[in-house]
Amino acid sequence: INWFPGHMHKARKEIKQLMPKIDVVIEVLDARLPYSSSNPLVPLLRGEKPFLKILNKSDLADPAVTKRWVETLQQEPGVKAIALHQKQKGEVKRILELCQKMMPEGRNYIIKPLNALILGIPNVGKSTLINTLADRAIAQTGNTPAVTKIQQRIKLPSNIVLYDTPGFLWPRLEPEACGYRLALSAAIKDSIFEYEDAALFMAEYLLDRYPAITQKHFRLTELPVDNIEMLEMIAVVRGHMRKGGIPDIHKVATAMINDYRSGVLGKVTLETPEMVEAELAAVEQAQ
Ligand code: GDP
């Protein structure tokens, strides 16, 4: 996908036009990368309306880190955060109650429905969530980012009207680490990043934060000294070798990324609130 300025401008305009009607904004995030998977436009809407942040795919994320993310996000006034995954159908229904609870008291939903705007960058699980909320298949779901969707207005039970994001929301591509995390989570197209680079980024992170999971999952007899050695060791263990005993790094990288995306690698979150804070501070200092 190319995130053209014209397209960003259009999405911004459409959302702005819609905002006066909206009572509550719901942003769907990937629980493994709650900052990187947030859309850069969304903070501009904050403060205006009650905000619900859904940390989706929490089945794939590190529960302890998800808990900290929920606490951190809720520190902002008017923001509620909740961890979720698609198998929790009952829990999904709670979202509707939460939305109503965030509204001023005494509102009569029979007379005036609650208008909720749902936002999310591609592949965070927004369509799956909408389908569960609506109890039927409306939104198209898919494994590849940016399945074509048209703007939708969906009537939910409990007299809530859900407005699906008009236009696509683009992902955050800065700081640089955000791009890698989005690539690893499959939020951005495979054709726009190098598998080897993303795998090296992930290897360094895994060695730093999840050494035990890493060693066990990849059956490494000892911990590698760095990310390059880690890829080479995995090549040997998995037999991803080319002629002449040269490690096939592309094959290793693909296998590592697939293991991460499918969840078999384990519950690994790619960023913590502290990491993001430090990265943003570094960007600010560089400017
Ligand atoms: P959208 O682009 O945000 O609308 O995302 P989709 O709803 O199409 O979902 C993208 C992919 O994520 C699909 O393969 C879904 O099956 C998967 N997915 C959605 N929600 C969850 C979840 O809670 N956990 C896991 N493991 N996968 C999910």
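Q: Go over the overall build of the chain with me, naming the residues and quoting the values.
A: Each helix and strand in the chain was counted, giving 10 helices and eight strands. Over its C-alpha atoms the chain spans a radius of gyration of 20 Å, differing by no more than 12% from the 19 Å that the globule rule assigns to 287 residues. In terms of its C-alpha atoms, the chain occupies a principal-axis envelope of roughly 75 × 40 × 40 Å. For the chain, the residues scored as buried account for 52% of the 287 residues in total. If the 37 positive side-chain charges of the chain are averaged to one point and the 33 negative ones to another, these points end up 10 Å apart.

Q: So what's going on with the domain arrangement of the chain? Residues and values would help.
A: Taken domain by domain, the chain consists of domain 1 (5-164) and domain 2 (176-286). The distance between the C-alpha centroids of domain 1 and domain 2 comes to 29 Å. The interface is formed by 21 residues belonging to domain 1 together with 24 residues belonging to domain 2. Across the domain 1 to domain 2 interface the summed buried area is about 1,800 Å²; carbon plus sulfur atoms make up 57%. Area buried by domain 1 at its contact with domain 2 is led by Arg-32, Tyr-35 and Ser-36, which between them contribute 31% of it.

Q: Could you give an account of the pairing of strand 4 (residues 114-119), naming the residues involved and the relevant values?
A: Strand 4 sits mainly inside the fold: six of its six residues count as buried. Across four bridges, the pairing between strand 1 (residues 24-30) and strand 4 is parallel. For Val-24, the partnering residue across the bridge sits in strand 4 and is Ala-116. In the sheet, strand 4 pairs with strand 6 (residues 160-164) via five bridges, with the strands oriented parallel. Bridging from a neighbouring strand, Asn-115 pairs with Val-161 of strand 6.

Q: Can you explain the packing of helix 6 (residues 195-209) against helix 8 (residues 227-238)? Please cite residues and give values.
A: Axis separation between helix 6 and helix 8 bottoms out at 8 Å; the angle between their running directions is 100°. Looking at the two axes, helix 6 sits roughly perpendicular to helix 8. Contacts between helix 6 and helix 8 involve Ala-199, Leu-200, Ala-203, Glu-204, Leu-206 and Leu-207 on the former and, on the latter, Asn-227, Ile-228, Met-230 and Leu-231.

Q: Go over helix 6, please, and point to the residues and values.
A: Compared with the 21 Å implied by 1.5 Å per residue over 15 residues, the 21 Å span of helix 6 between its first and last C-alpha is a close match. Structurally, helix 6 contributes buried residues whose contacts are with helix 5 (176-184), helix 7 (211-217), helix 8, helix 9 (249-262) and helix 10 (273-286).

Q: An account of the side chain of Ser-185 is requested, with residue identities and associated values reported.
A: By secondary structure assignment, the location of Ser-185 is in the loop between helix 5 and helix 6. Accessibility expressed as a relative area gives 4% for Ser-185, which makes it buried. When sequence neighbours within four positions are dropped, the list of residues in contact with Ser-185 reads Asp-30, Arg-32, Leu-33, Asn-123 and Arg-261.

Q: Run through the packing of aromatic side chains, naming residues and quoting values.
A: Each aromatic ring pair is specified by the distance between its two centres and by the angle formed by the two planes. For the coordinates displayed, the defined rule picks out three aromatic pairs. Centroid distance Tyr-180 to Phe-201: 4.8 Å. Interplanar angle 20°. Geometry classified as stacked. Residue Tyr-180 is located in helix 5, and its partner Phe-201 is located in helix 6; the two are separated by 21 residues in the primary sequence.

Q: Could you give an account of the side chain of Thr-214, with specific residues and numbers?
A: You can see Thr-214 is positioned in helix 7. By relative accessible area, which is 0% here, Thr-214 ends up buried. If sequence neighbours within four positions are ignored, Thr-214 has contacts with Leu-206, Leu-220 and Met-230.

Q: Describe in detail the pairing of strand 3 (residues 79-83), supporting the description with residues and values.
A: One ladder, built from five bridges, connects strand 2 (residues 51-56) with strand 3; its direction is parallel. When the bridges of strand 3 are listed, Leu-55 appears paired with Ala-83. One crossover worth recording links strand 2 to the parallel strand 3 by way of helix 2 (residues 63-74), and it is right-handed.

Q: Please give an account of the nonpolar core that cites residues and values.
A: Note that soluble globular proteins tend to have their nonpolar side chains buried in a common cluster. Within the largest apolar cluster, 88 residues are counted, with the highest numbers of intra-cluster contacts made by Ile-26, Leu-52, Ile-95, Leu-129, Leu-162, Leu-169 and Met-256. Considering every element that reaches this core, the biggest residue donor is helix 6, with eight residues. In terms of domain composition, this core takes at least three residues from each of domain 1 (5-164) and domain 2 (176-286). Those residues within four positions of Ile-26 in sequence are excluded, and the remaining contacts are Leu-52, Ile-54, Ile-95, Cys-99, Ala-116, Leu-117, Ile-118, Leu-119 and Leu-162.

Scoring rules and cut-offs
Residues numbered from 1 in each chain as written. Predicted model: local features only at pLDDT ≥ 70, side-chain atom pairs only at ≥ 80, totals over all residues. Heavy atoms only, no water. Helix = DSSP H or I, 4+ residues; strand = E, 2+ residues; numbered from the N terminus. Rg over C-alpha atoms; globule rule 2.2 N^0.38 Å. Buried < 20%, exposed > 50% of the residue type's maximum accessible area, 1.4 Å probe, protein only. Lys, Arg positive; Asp, Glu negative; His and termini not counted. Charge placed at Lys NZ, Arg CZ, Asp CG, Glu CD. Domains from an automatic or database assignment. Contact = heavy atoms within 4.5 Å. Buried area = accessible area lost by both parts, 1.4 Å probe. Pairing = 2+ DSSP bridges. Axes fitted to C-alpha atoms, helices over the stretch in contact; angles between N-to-C directions. Parallel < 35°, antiparallel > 145°, perpendicular 65-115°, else oblique. Expected span 1.5 Å × (residues − 1). Phe/Tyr/Trp six-rings, centres within 6.5 Å; stacked < 30°, edge-to-face > 60°. Right-handed = clockwise from strand over helix to strand, strands pointing away. Core = buried A, V, L, I, M, F, W, Y, C linked by side-chain atoms within 4.5 Å.

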